[in-house]
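Take a look at the letters that make up each chain.
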Amino acid sequence: MTPNQPLTLTVRHPADSIAVLTVAGEIDVDSVPALRTRALELIRQGRPHLVLDLAPVEFCDSSGLNTMIGILRYAKDRHGSLSLVGPPPHLTRLLDVTGVGELMPVLPTTAEALTHIVRPGEAPKGLGAR
């Protein structure tokens with residue numbers, strides 16, 4: 001018996017060490033295993049810098065936030081990063097209220113997220129510099 005997965009995950013690879021994972025639908029207790037599995041797979045496959053495009057997310061509960069924190073820890077343990085892009089207003093509020101948005105960059109566009117990724121041998125871009 002396969003659970004219904006209301007989540008759609010789409011991947012693109014803008015650079016060797018980077019994956020952009022677009023998440024559409026609902027992130028909840030039933031769908032987080034698919035999100036976690038796919039994200040960790042990408043990191044294990046040599047793409048430690050992960051960008052989650054959350055613009056199409058319709059709903060996210062606490063299990064979704066916990067999963068994002070777990071993905072962040074996994075990426076950091078492998079010298080990577082996790083950035084969140086374009087969360088809709090309801091998710092932005094949730095990230096702010098819970099403090100999860102303080103743990104990782106939350107940016108309006110994928111292009112901005114890509115400029116914030118720290119690559120080996122490079123200084124952080126846009127972090128504290130104006």
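Now for a look at the structure at hand. Source: prediction; values computed, not measured.

Here's the deal with the pattern of salt bridges
In total, this model carries one salt bridge according to the counting rule given. The residue Arg38 makes a salt bridge to Glu41 at a minimum N-O spacing of 2.9 Å. Taken together, the positions of Arg38 and Glu41, both in helix α1 (residues 32-44) and three residues apart, correspond to about one turn of that helix.

A word on the pairing of strand β2 (residues 18-27)
Counting buried residues along β2, seven of its ten residues qualify, which places the element largely inside the surrounding structure. Relative to β2, strand β1 (residues 7-15) runs antiparallel, the two being bridged by seven bridges. Note that in β2 the partner of Thr8 across the bridge is Ala24. Taking the residues that link successive antiparallel strands as the turn, the β1-β2 hairpin has two residues.

How each quantity is defined
Residues numbered from 1 in each chain as written. Predicted model: local features only at pLDDT ≥ 70, side-chain atom pairs only at ≥ 80, totals over all residues. Heavy atoms only, no water. Salt bridge = Lys/Arg side-chain N within 4 Å of Asp/Glu carboxyl O. Helix = DSSP H or I, 4+ residues; strand = E, 2+ residues; numbered from the N terminus. Buried < 20%, exposed > 50% of the residue type's maximum accessible area, 1.4 Å probe, protein only. Pairing = 2+ DSSP bridges.

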